[in-house]
Amino acid sequence: MRDFSQDHRWLSINTATVRKQSGAEVPLDRIIDQCAQRGIRAISPWRDQVAAVGIDKISAQLRAHGIGLSGYCRGGFYPAPDAAGLKAALDDNRRAIDEARTLDAPCLVLVVGSLPGALGGQAAYTDIGRARSEVFDGIAASLEYAREVGMPLAIEPLHPMQAAERACINTLEQALDICDALDPGRSGMLGVALDVYHVWWDPKLAQQVARAGKERLLAYHVCDWLTPTRDLLNDRGMMGDGVIELKKIRGWVEAAGYAGYSEVEIFSTQDWWQRSGDETLAACIERHRSAV
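Heads up: these notes are all about the structure in this document. (Residues numbered from 1 in each chain as written. Predicted model: local features only at pLDDT ≥ 70, side-chain atom pairs only at ≥ 80, totals over all residues. Heavy atoms only, no water.)

## Describing the nonpolar core
Nonpolar side chains tend toward joint burial in soluble globular proteins.
Line of reasoning, step 1. Of all hydrophobic cores here, the largest spans 82 residues; its most connected members are Ile13, Leu108, Ile139, Ile155 and Met239.
Line of reasoning, step 2. At seven residues, helix α5 (residues 128–149) tops the list of elements feeding residues into this core.
Line of reasoning, step 3. Cys107, Ala193, Leu218 and Ala219 belong to the second largest nonpolar core, which has six residues in total. (Core = buried A, V, L, I, M, F, W, Y, C linked by side-chain atoms within 4.5 Å. Buried < 20%, exposed > 50% of the residue type's maximum accessible area, 1.4 Å probe, protein only. Helix = DSSP H or I, 4+ residues; strand = E, 2+ residues; numbered from the N terminus.)

Here it is, written out as structure tokens:
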């Protein structure tokens, strides 16, 4: 394993981690400046944050600071109740691919979606098998365009607690099955974003990480699982504050060939989003050195 204890050159900040500071929303350009001041070399921004400032301005700012991306959040959400909705999803994913390319991202992260409408409280249908089929078809269509422009796609399996609303792909094994079906040659254009918050519990995790290998492991996200968890979406912990065996999992990931960034992604309504950006980024740097 790489030694992270002396510096934070392999730390990336998913900008959701500091999009709220002291309870208030913070624009992406300010977040980029804060990261640059601390020698953080990479971020993973969200599309809405980029759009709010302007993609050309963000691209220029990143170049000026010498900051790269560890990923781009996010594409996906393929299932829909009708043909028009399916087409709209494909069109939106094409735009996301283009944005990721403009920002020179190493991959576009896919949160694939599930029962359409469930996130708003009213599912249009309840056939999760249908949703998985629409996800498969949607990724296949997006991959065709992604290959044309050279933008790898990273499927992010989400914890089963989010199977209805956000993603019907819930294990690394499921994600890799899709990769093997659509990209049997392991071209590097289709892989996974491995978020420890979503997969730490999986008894097949070590086996499936080894199966993924270097070609499939496109992004690696870290945080911690708190006990008790007060909110299953927005109560992620800072690394070292919970029960995830972070060093063990990173050992598996690096043994499989991954040598990229550890991207800190923390949604924390009651804790870290109430703190200053200075405090949160300082904690990310210290815990990356000591706990990741």
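## Thoughts on the pattern of salt bridges
Line of reasoning, step 1. Tallying each qualifying case throughout the model produces 27 salt bridges.
Line of reasoning, step 2. A salt bridge links Asp91 to Lys87; the nearest nitrogen and oxygen atoms lie 2.9 Å apart. Linking Asp91 with Lys87, this pair stays in helix α4 (residues 83–102), spanning four residues, or about one helical turn.
Line of reasoning, step 3. Judged by relative accessible area, Lys87 falls into the exposed class, the value being 52%.
Line of reasoning, step 4. A salt bridge links Arg250 to Glu254; the shortest N-O distance between them is 2.8 Å. Of this pair, Arg250 and Glu254 both sit in helix α9 (residues 246–255), four residues apart, which is roughly one turn of that helix. One exposure class covers both Arg250 and Glu254, and it is buried.
Line of reasoning, step 5. Shared partners join several salt bridges into a network, and the residues in it are Arg147, Asp177, Asp180, Asp183, Arg211 and Arg216. (Salt bridge = Lys/Arg side-chain N within 4 Å of Asp/Glu carboxyl O.)

## Overview of the environment of Ile266
Line of reasoning, step 1. Its location among the elements puts Ile266 in the loop between β11 (262–264) and α10 (277–290).
Line of reasoning, step 2. Taking the C-alpha atoms as reference points, Ile266 and Val18, separated by 248 residues in sequence, lie 8.3 Å from one another.
Line of reasoning, step 3. Contacts of Ile266, omitting those with residues within four sequence positions, involve Ala16, Thr17, Cys223, Arg236, Gly237, Met238, Met239, Trp272 and Trp273. (Contact = heavy atoms within 4.5 Å.)

Read these as geometric descriptors, not functional statements.
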